[in-house]
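# Understanding the architecture of this molecule
Each chain, letter by letter, is given below.
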Amino acid sequence: MDQTLEEVVKYCSKQLDAYQRCIENNPQNWGVACSKYKTELNKCAEENVTEVKRVKAKCSSVISAFDNCLQKNQKDPDKCIEELKQLYQCTEEAAGRKLSSRPPAIADNKKFVDLSAYRIQSAPPSAYYIEEFISADEERVLLDKVYAAPKPKWVSLKNRRLQNWGGIPRDKSMLSEPLPSWLTEPIFPKLTFLKVFDKCAARKLPNHCLVNEYVSGQGIMPHEDGPLYYPTVATVSLGSHTVLDFYKHRFQNADQSNMDSNPLAFSLLIKPRSLLVLQDDLYKSYLHGIEERNKDVLSEKNIINAVDVEDIEIERGTRVSLTFRIVEKVINIKASLFNRKT
Ligand SMILES: O=C(O)CCC(=O)C(=O)O
Ligand SMILES: [Fe+2]
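Residues numbered from 1 in each chain as written. Chains lettered and ligands numbered in written order. Predicted model: local features only at pLDDT ≥ 70, side-chain atom pairs only at ≥ 80, totals over all residues. Heavy atoms only, no water.

An unreviewed UniProt entry lists the protein under the name 9965_t:CDS:1, from Paraglomus occultum. Quoted verbatim from the Sequence similarities (unreviewed entry) field of the UniProt record, the comment on the protein reads "Belongs to the alkB family." Checking UniProt for the protein, the heading Subcellular location (unreviewed entry) contains the comment "Nucleus". (UniProt positions renumbered as here; feature names shortened; annotations may be inferred.)

Below is the structure:
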């Protein structure tokens, strides 16, 4: 969590909880219904949070230019894009962040235009798998950045470690912060070309990324990703391969007598540098998990996407996965603090 969010949680937790509760209780019209709570949260942050105080002081003229523009164009806030850009630039600079000037590598990414071309035909709707989605150089830089994260960013679990980027998912909403550019720059242009998240009404690109690290022998229990997320997940794999297992959700089985077991339905071989996209029924009616093993014997499982695999047995190394998702209900603290739409 960055310092601003930490301070908001520390000094304004009462206002934050009230705002978050209101959002959860008013799923249809929380923008209007909860504006009172948002104002209270803003007020608290303006009085207590260092970065907000600094940004308010440094960017007061661009803040009022933007507010004036919004006031004049209430029905058409898109007219204020230029003012919003100025405001973004000022707030990022005031926060001491350098703005990236590297344009997305469009030429490289344009080859990824049609997600349907990568559909795994024998999987239930819908799974898409793209090998060499990122280059070896991009993979190296991403791994360097993951391992350069400060130690407290890691959360250690029994069978893996993880980092949360984009905010802290709570029960039904997330306190959000922008994803760092090292995560978005190599990935987002490609997700955009492929229209991976285009059906989501709230936003077209992910706002949350979970980084999981599995050393050889580690895995993740069968689970579903849950209703907090929009039902699409895009996973980029780094380092080692793995085998991802899918289990039909027990409540959807015809055989209701065996309530305790979720039968293994099929598996996917996931190579480093690949992208896996899961959607629809596969997201909602199946559990997914990774067995805790040091090596995978491919012939032991019904691996439905394994083509061009020379070795039947593959040793597992350390794998880092980046799972990109959309949390639709977010409290974007920084946008909210300047009265922007979240
Ligand atoms: O590491 C993976 O590919 C799976 C991670 C996962 O299922 C999760 O983060 O929910
Ligand atoms: Fe998952």
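Next, the rest of the story.
What follows is about the site of ligand 1. Looking at ligand 1, there are 13 residues lining it, with Asn212, Tyr214, His288, Arg319 and Ser321 nearest. Between an oxygen atom of ligand 1 and a side-chain N or O atom of Ser321, the distance comes to 2.7 Å. Secondary-structure elements contributing two or more residues to the shell around ligand 1 are strand E6 (208-214), strand E7 (220-223), strand E12 (286-290) and strand E15 (319-325). Looking at the shell around ligand 1 element by element, the count peaks at four residues for E15. For the shell around ligand 1, a count of residues per class yields four nonpolar, six polar and three charged. (Near = heavy atom within 4 Å. Polar contact = N/O pair within 3.5 Å; in protein donor to acceptor, adjacent residues only side chain to side chain. Helix = DSSP H or I, 4+ residues; strand = E, 2+ residues; numbered from the N terminus. Nonpolar A, V, L, I, M, F, W, Y, C, P; charged D, E, K, R; others polar.)

This part is about the state of the cysteines. Within the structure shown, the criterion is met by three disulfides. Here Cys22 pairs with Cys34 through a disulfide, and the sulfurs are 2.1 Å apart. Between Cys22 and Cys34 the sulfur-sulfur dihedral comes to about -90°; the bridge is accordingly left-handed. Highlighted residues: Cys22 in helix H2 (residues 13-25) and Cys34 in the loop between helix H3 (30-33) and helix H4 (35-48), separated in sequence by 12 residues. Here the two residues Cys22 and Cys34 agree in accessibility, since each one is buried. Of all cysteine sulfurs in the structure, the one in Cys209 sits closest to Cys200, which takes part in no disulfide; the separation is 16 Å. For Cys209, a relative accessible area of 0% corresponds to the buried category. (Disulfide = S-S within 2.5 Å. Buried < 20%, exposed > 50% of the residue type's maximum accessible area, 1.4 Å probe, protein only.)

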